[in-house]
Amino acid sequence: MINIVVTSKPVDGLLYYSYEYCDMLNKAGIPAQVVIIRHRKFNQLDYVNAITNKYIHFNNVYIDTYVPADDDITLIMGRSMMTLSWQSFNDYNDVQQRNLRRLFGGKVISVYSENHPVDYPKAVEFYKPTQIIDLCDTEVYPNGVGEHFEKTINFSIYKPLVQDVQFKYLFLGTNEKYYATVEEVIDQFPDHGILTYDADYVNINYNNIFVPVDNIMGKFKTYVYTKNTFDPAPRIFQECKYYGKDVIYLRDKTIVDGGSIYWKRDIKEPDVTAIINAVEELNEN
């Protein structure tokens, strides 16, 4: 069994990629499931709603309860899934802690990222996985390690888009840094919605749309991209291309990272070849 582990908040892009690739692996005949170890601020229903709002089904998802077998393989769609759990390890209950140790203490397939260059090695040392195989989007991370692998959206399981436009411009403010860049320009876009969490950094004077949101892609006309910090995999770019939505790239175009790479990428079908190769390599050992 491949356990695709999620430790992030609901509506985080890695939760969606995890669910989508779980579906693709099962369709390819590879047994897989999503194992969510909840963030302390969210309950099970928050994660269930995040998935059911977006997809036509809710399959092969375990929240906190799954106890991995000794021969299971853990897949994380970004290194941060291991790092975040280590950083907040004391915030988990006893069951969650035991499951995290089992999930990350065996064989792991890890999609390369550079969110936590100092803390990720500390997380690895803490969990002591028996083996790690890296996959890497070498365009986004030219100095990364592992076989080339691109996170690509599995649109085949999306719910149909319903056009229900409620504001003209959508902004993404799901953390304090993202929200700060939105505030710098928001006065220029009075007919807006800001997709965000109900957090201390949120300005109540703006039209904040708290996640999870059903049919978010149908609620706006134009996405305004303002992030000036590193952006590894901006899913909304691809979603806008898929649905023919306009995008305003309101950012320094000299910045080269996931944001600029995904801005230029065309829509592609997800490819699980690199994951299958990693599974085969792990099973040989």
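See the structure printed just above.
Attention here is on the structure that accompanies the text. Here the structure is a predicted model, which means the values were calculated and not measured. (Residues numbered from 1 in each chain as written. Predicted model: local features only at pLDDT ≥ 70, side-chain atom pairs only at ≥ 80, totals over all residues. Heavy atoms only, no water.)

## Observations concerning the layout of surface pockets
The volume enclosed by the second largest pocket comes to roughly 170 Å³. Taken together, Lys9, Lys41, Phe42, Tyr197, Asp198, Ala199, Asp200 and Tyr201 make up the full set of residues lining the second largest pocket. Across the lining of the second largest pocket, the residue classes tally to 4 nonpolar, no polar and 4 charged. (1 Å grid on protein atoms, 1.4 Å probe; cavity = no way out; pocket = protein on both sides within 12 Å on 5 of 7 lines; lining within 4 Å. Points joined across faces, edges and corners; volume = space filled by probe spheres on them. Nonpolar A, V, L, I, M, F, W, Y, C, P; charged D, E, K, R; others polar.)

## Side note on the nonpolar core
In terms of nonpolar packing, the biggest core is built from 82 residues, with Leu25, Ile36, Met77 and Tyr223 touching the most fellow members. If sequence neighbours within four positions are ignored, Met77 has contacts with Ile4, Leu14, Tyr17, Ser18, Tyr21, Val111, Phe149 and Lys151. Within the second largest apolar cluster, 11 residues are counted, among which are Phe171, Phe189, Val202 and Val224. (Core = buried A, V, L, I, M, F, W, Y, C linked by side-chain atoms within 4.5 Å. Buried < 20%, exposed > 50% of the residue type's maximum accessible area, 1.4 Å probe, protein only. Contact = heavy atoms within 4.5 Å.)

## Structural notes on the pairing of strand 5 (residues 107-111)
Counting buried residues in strand 5 gives 4 out of 5 residues, a clear majority hidden from the surface. Two strands pair when backbone bridges link them, and strand 4 (residues 73-76) and strand 5 are joined in this way by 4 bridges, in the parallel orientation. Residue pairing across strands places Leu75 opposite Ile109, the latter belonging to strand 5. In this structure, strand 5 lies alongside strand 6 (residues 131-136), joined through 5 bridges in parallel fashion. Among the inter-strand pairings, Ser110 is bridged to a residue of strand 6, identified as Asp134. (Helix = DSSP H or I, 4+ residues; strand = E, 2+ residues; numbered from the N terminus. Pairing = 2+ DSSP bridges.)

Don't take any of this as a statement about function, it's just geometry.
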